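Structural overview
Each chain, letter by letter, is given below.
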Amino acid sequence: MTVKDEIEDRLTAAFQPSVLKVENESHKHAGHAGDDGSGASHFHITIRAEAFAPMSRVARHRAVQKALGDLNQRIHAIALDIG
């Protein structure tokens, strides 16, 4: 299973999103800090879910980070677009 697949599985299980787009942007960061050569170091996540409605922006980010769990240690950078 790829890191992208793991991200999608974890976020789907946690939030049942109406929109979930996970983009691997590692190729844009080749040779930069945090590029470990794995091709799975930088991701952009767009997610929309009813579960986020009562949450503040900070709470949404914390909830996503919690759902990703140990992936936070394996991925150098995660950009989030949460709604």
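I will try to describe carefully the structure that is included in this document. It should be emphasised that the depicted structure is a prediction, and the values quoted were computed from it without experimental measurement. Counting of residues starts from 1 at the beginning of each chain's written sequence and follows it residue by residue. Selection of residues for local features in this predicted model requires a pLDDT of at least 70, selection of side-chain atom pairs for listing and counting requires 80 or more, and totals for whole chains, interfaces and linings are taken over all residues. Note that the side-chain values use all heavy atoms of the structure and ignore hydrogens as well as water.

1. A word on the overall build of the protein
Note the following rule: Runs of E in the DSSP output that reach at least two residues are strands. Runs of H or I that reach at least four are helices, and both are numbered from the N terminus. Exposure is judged per residue with a 1.4 Å probe applied to protein chains only, and the accessible area is read against the type maximum: over 50% gives exposed, under 20% gives buried, and values in between give partly exposed. Two residues qualify as a contact provided that any one of their heavy atoms is within 4.5 Å of a heavy atom in the partner residue. All accessible-area figures derive from a Shrake-Rupley calculation using a 1.4 Å probe, and residue coverage is judged against the displayed protein chains alone.
A count of helical and extended segments in the protein gives 3 helices and 3 strands. Reading the secondary structure of the protein in the N-to-C direction produces α-β-β-α-α-β. Across the 83 residues that make up the protein, the buried fraction comes to 30%. By sequence separation, contacts in the protein at least 24 residues apart represent 61% of the contacts at least 6 residues apart. Accessible surface, the protein: about 4900 Å² in total, of which carbon and sulfur atoms supply 50%.

2. Observations concerning the packing of aromatic side chains
This is how it is decided: Paired rings are identified among Phe, Tyr and Trp, the last through its six-membered ring, by centres lying within 6.5 Å, and are further divided according to the angle between planes into stacked (under 30 degrees), edge-to-face (over 60) and tilted (the rest).
One pass over the full model with this rule turns up 1 aromatic pair. Note on Phe15 and Phe52: the rings are 4.7 Å apart at their centroids and 40° apart in plane angle, and the pair reads as tilted. Taken as a pair, Phe15 in helix α1 (residues 3-15) and Phe52 in the loop between β2 (42-48) and α2 (57-68) lie far apart in primary sequence, 37 residues in all.

3. Concerning the packing of α1 against α2
For the record, the criterion: Simply put, an axis is a line fit to the C-alpha atoms, just over the touching stretch for a helix, and the angle between two N-to-C directions goes from 0 to 180 degrees. The labels follow the angle: roughly parallel below 35 degrees, roughly antiparallel above 145, roughly perpendicular from 65 to 115, and oblique for the rest. In this scheme, a crossing is called left-handed if the near helix is turned counterclockwise away from the far one by less than a right angle; it is called right-handed if the turn is clockwise. Charged residues are taken to be Asp, Glu, Lys and Arg, nonpolar residues to be Ala, Val, Leu, Ile, Met, Phe, Trp, Tyr, Cys and Pro, and polar residues to be all remaining types, Gly included.
Viewed as axis vectors pointing N to C, α1 and α2 meet at an angle of 120°, and their least axial separation amounts to 9 Å. It follows from the interaxial angle that α1 and α2 lie oblique. Judged by the sense of rotation from one axis to the other, the crossing of α1 with α2 is right-handed. Facing α1, whose interface residues are Ile7, Arg10, Leu11, Ala14 and Phe15, α2 presents Ala63, Val64, Ala67 and Leu68. Residues of the contact of α1 with α2, tallied by class, amount to 8 nonpolar, no polar and 1 charged.

4. Examining the sheet that holds strand β1 (residues 19-24)
Counted only if it meets this: Two strands make a pair as long as DSSP finds a minimum of two bridges between them.
Pairing within the open sheet is mixed, and its 3 strands lie in the order β1-β2-β3. What marks the edges here is a single partner per strand, and that holds for β1 and β3 (77-82). Here the average twist between neighbouring strands, direction ignored, is 10°. In the sheet, β1 pairs with β2 via 6 bridges, with the strands oriented antiparallel. Bridge pairing in β2 places Leu20 opposite Ile47. Set on the sheet, α1 makes contact with β1 and β2; between it and β2 the angle comes to about 25°. In this fold α2 packs onto β2 and β3, with an angle of close to 130° to the strand it touches most, β3.

5. Section: unusual backbone geometry
One non-glycine residue, Gln16, lies in the positive phi region at around 45°. One can find Gln16 in the loop between α1 and β1.

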